[in-house]
Amino acid sequence: IDFDLILENVKYLNLLAGEGSSQIKHTLQGARLKQPEPIPLTLYQNGIVMCNGAFRPYQDPSTQQCLQDIMDGYFPSELQQRYPDGV
């Protein structure tokens, strides 16, 4: 696992997802600026925790696919159902 590549690509993907920018959210009283919700990702020596979920060891195939997506420069495919319109 190339941790340097993962960190570099996470920074890039954060920019694509709108880090540091605000979106307009319409309310009954008008509109408000809203920051995009972050998706927490914690890297450990022997696994990851994403979205405050359960610990996932690196040997798990779904963890390997998630990290491969990030190393390839894509958002993890497992987030598509949670964010069908994009992250």
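Presented here is an overview of the structure given in this document.

Cut-off values and rules
Residues numbered from 1 in each chain as written. Predicted model: local features only at pLDDT ≥ 70, side-chain atom pairs only at ≥ 80, totals over all residues. Heavy atoms only, no water. Helix = DSSP H or I, 4+ residues; strand = E, 2+ residues; numbered from the N terminus. Buried < 20%, exposed > 50% of the residue type's maximum accessible area, 1.4 Å probe, protein only. Areas by Shrake-Rupley, 256 points an atom, 1.4 Å probe, with all protein chains shown as cover. Core = buried A, V, L, I, M, F, W, Y, C linked by side-chain atoms within 4.5 Å. Contact = heavy atoms within 4.5 Å. Pairing = 2+ DSSP bridges. Patch = residues over 30% accessible without salt bridge, like charges linked within 9 Å, V, L, I, M, F, W, Y side chains within 5 Å. Salt bridge = Lys/Arg side-chain N within 4 Å of Asp/Glu carboxyl O. Expected span 1.5 Å × (residues − 1). Polar contact = N/O pair within 3.5 Å; in protein donor to acceptor, adjacent residues only side chain to side chain.

**Observations concerning the overall build of the protein chain**
Consideration 1: Scanning the protein chain from N- to C-terminus turns up two helices and five strands.
Consideration 2: Listed N to C, the secondary structure of the protein chain is α-β-β-β-β-β-α in terms of helices and strands.
Consideration 3: Overall size of the protein chain, expressed as C-alpha extent along the three principal axes, is 50 × 25 × 20 Å.
Consideration 4: In the protein chain, which comprises 87 residues, the proportion classed as buried is 21%.
Consideration 5: By element, 51% of the accessible surface of the protein chain is carried by carbon and sulfur atoms, the whole surface being about 6600 Å².

**Observations concerning the nonpolar core**
Consideration 1: In terms of nonpolar packing, the biggest core is built from nine residues, these being Ile6, Ile48, Met50, Tyr58, Cys66, Leu67, Ile70, Met71 and Leu79.
Consideration 2: At the level of elements, strand S4 (47-50) and helix H2 (61-71) are the ones that each hand at least two residues to this core.
Consideration 3: Counting residues per element, this core draws most heavily on H2, which supplies four residues.
Consideration 4: Beyond its immediate stretch of four places on either side in the chain, Cys66 contacts Ile48, Met50, Arg56, Pro76 and Glu78.

**Points about the sheet that holds strand S5 (residues 56-57)**
In any sheet, the strands associate via hydrogen bonds between backbone groups, in a parallel or an antiparallel arrangement.
Consideration 1: Taken together, three strands build an open sheet; the order of strands is S3-S4-S5 and the sheet is antiparallel. Only two strands of the sheet have a single neighbouring strand rather than two, namely strand S3 (41-43) and S5.

**Some words on a nonpolar patch on the surface**
Consideration 1: The grouping of Tyr12, Leu16 and Phe75 at the surface amounts to a nonpolar patch, some 300 Å² of accessible area in total.
Consideration 2: Position of Leu16 among the secondary structure elements: in helix H1 (residues 3-16).
Consideration 3: Judged by relative accessible area, which is 51%, Leu16 ranks as exposed.

**Focus on unusual backbone geometry**
If a residue is not glycine, its phi is most likely negative; likewise, a peptide bond is most likely trans.
Consideration 1: Residues other than glycine seldom take positive phi values, yet Cys51 does so here, at roughly 60°.
Consideration 2: As for its placement among the helices and strands, Cys51 is situated in the loop between S4 and S5.
Consideration 3: On the basis of relative accessibility, which here comes to 22%, the residue Cys51 falls in the partly exposed class.

**Some thoughts on H1**
Given 3.6 residues per turn, any residue in an α-helix points the same way as the ones three and four places further on.
Consideration 1: The terminal C-alpha atoms of H1, which comprises 14 residues, lie 20 Å apart, in line with the 20 Å expected from a rise of 1.5 Å per residue.
Consideration 2: Where H1 begins, the side chain of Asp2 points an oxygen toward the backbone nitrogen of Asp4, at a separation of 3.3 Å.
Consideration 3: Gly18 occupies a position one or two residues after H1 and carries a positive phi of about 100°.

None of the figures reported here should be taken as evidence of function without further support.
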